[in-house]
Amino acid sequence: MKTINIGVIGCGFMGKTHTFGYKTIPLYYDNLPFKINLKTICASHIENAKNACEMYGYENYTDNFMDIINDDEIDVVDICTPNAFHKDAVLEAMKKKKHIYCDKPLAINYNDAKEIADIEKNYESITQMTFQNRFFPATMLAKKMIDEGKLGNILTFGAKFLHSGSVDKDKTITWKNDEKIGGGGVILDLGSHVFDIIRFLIGDYKSIYCKTKVLYDKRPDKNGRMVDITNEDEAFVLCDMMCGAGGNMTISKIATGTNDELSFEIYGDKGALRFDLMDANYLYYFDNTQKEDVFGGERGFKRIECVQRFEKPAGTFPSSKSSIGWLRGHVHCLYNFLNAVYEGKKTTPSFCDGAYINYIMDLAYKSAKENKEVYCD
């Protein structure tokens, strides 16, 4: 049986999330044709790397990501670093022809992302982005229904990704508040997911009009010193799509009372769909071809039980009727990548997909800066 050796660069929250995926995939998926071996984990501080190695069960640890890149035994390089460090790690891994799994966004701007995507076009190894919201049964079903024409011509849509983590003006900043490391604010952090899921479902963008907001111009760093803040806390986006639909997005980390609330609603002339990550067991579908009847008949939104009804070899543990959670999308996204590595077949979302989302996010920033609608090439 083939063993896939893993090297993870970054052992923060996302490094831990991806490690969870690697460790649990053999439980979620029956009769895997490959084994997963946690070879090496890297952190910027050696003590953090050592602790993660011992806690998570890796064989080795390092504070130099090139140790992972240069290890001929490592098949997969998994990049979970802050945004500004993605590009260098990806390019170095490409030089060694590694299989590469990269957290979103691919890079901090389109120029950097395009450099990666141009190499990928002739790259023989497997690459994939972490756009895990594509990988819930409910969102995969939404894609299937749209592709089958259940909604007909898409007319309009709405999407939101709401957090409340930046409401407190006294909260200590992280690297996500630092433009040099994060590359931007809520657009790169949450907006990358929103832009991707809408593109996944209904296609490419035609134009963007965006307004952004910085809630507090100063926030405290870890030493209590007040520093200038330029990364946006909130963005409102109007979009026209190549399919002819128009829609709006709200992307915010200052939505008081919210948790991790990604949602979308898509309306066509034959039907409509609604999804909410906080209610991820279900997809809501309205069939506009049903006739109205006395007292309403059977017309109305139908709640489809998606729960954990993945295709085989998934869906047997836990029961397909068991409630799903946020981590499950990450696990299936990662399984999709590893299975592609095993089979030697290209998969999506690719680095070209990631670069396209970088392009759209750059347009959003351009629109906000110039206060006008901008058009995609």
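Residues numbered from 1 in each chain as written. Predicted model: local features only at pLDDT ≥ 70, side-chain atom pairs only at ≥ 80, totals over all residues. Heavy atoms only, no water.

Overview of the overall build of the chain
Selection criterion: Each helix is a run of DSSP H or I of at least 4 residues and each strand a run of E of at least 2, with the numbering of both proceeding from the N terminus. The globule rule used here is 2.2 Å times the number of residues to the 0.38 power, and the radius of gyration it is set against is calculated over C-alpha atoms. Each residue's exposure class comes from its accessible area (1.4 Å probe, protein chains only) as a fraction of the maximum for that residue type: buried when under 20%, exposed when over 50%, partly exposed otherwise.
Across its full length, the chain carries 10 helices and 17 strands. The C-alpha atoms of the chain give 21 Å as radius of gyration, which agrees with the globular expectation for 377 residues (21 Å, within 12%). Along the three orthogonal principal directions, the C-alpha set of the chain runs to about 70 × 55 × 40 Å. Scored against the burial criterion, the 377 residues of the chain give a buried share of 53%.

Focus: the sheet that holds strand S15 (residues 282-287)
One key point about sheets: their strands pair by backbone hydrogen bonds, in either a parallel or an antiparallel sense. Threshold: Strand pairing requires that DSSP identify at least two bridges connecting the strands. By the convention used here, residues are in contact when the closest approach between their heavy atoms is within 4.5 Å. Note on definitions: angles span 0 to 180 degrees between N-to-C directions of axes, and those axes are lines fitted to C-alpha atoms, for helices only across the stretch in contact.
Pairing is mixed across the open sheet formed by nine strands, whose spatial order is S16-S15-S14-S13-S7-S12-S11-S8-S17. Two strands bound the open sheet, and with one partner strand each, they are strand S16 (301-305) and strand S17 (374-375). In this sheet, S17 lies alongside strand S8 (residues 205-213) in antiparallel orientation, the contact comprising two bridges. Across the sheet, the residue bridging to Ser207 is Tyr375, located in S17. Along the sheet, helix H6 (residues 137-147) contacts strand S7 (154-162), strand S13 (261-268), strand S14 (271-276), S15 and S16; its crossing angle with S15, the most-contacted strand, is approximately 25°. Packing against the sheet, helix H10 (residues 351-370) makes contact with S8 and S17, and its axis sits at approximately 55° to S8.

A short note on the nonpolar core
Keep this limit in mind: Buried Ala, Val, Leu, Ile, Met, Phe, Trp, Tyr and Cys residues form a nonpolar core when they are joined through side-chain atoms within 4.5 Å.
Core analysis: the largest hydrophobic core is formed by 110 residues, its most contacted members being Phe195, Ile198, Tyr205, Ile208 and Met249. Examining the composition of this core, we find that 11 residues originate from one element, helix H8 (residues 186-202), more than from any other. Contacts of Met249, omitting those with residues within four sequence positions, involve Phe157, Ala159, Val194, Phe195, Ile198, Tyr205, Ala235, Phe236, Val237 and Cys239.

Observations regarding the packing of helix H5 (residues 110-120) against H10
Stated precisely, the cut-off is as follows: Note that the term roughly parallel is reserved for angles under 35 degrees, roughly antiparallel for angles over 145, roughly perpendicular for angles of 65 to 115, and oblique for everything else. For any helix crossing, the convention is left-handed if the near helix is rotated counterclockwise from the far helix by under a right angle, and right-handed if that rotation is clockwise.
Running from amino to carboxyl end, H5 crosses H10 at an angle of 160°, the nearest separation of the two axes being 8 Å. It follows from the interaxial angle that H5 and H10 lie roughly antiparallel. Taken as a pair, H5 and H10 cross one another with a handedness that is left-handed. Where H5 abuts H10, its residues Tyr110, Ala113, Lys114, Ile116, Ala117 and Glu120 lie against Phe351, Cys352, Ala355, Asn358, Tyr359 and Asp362.

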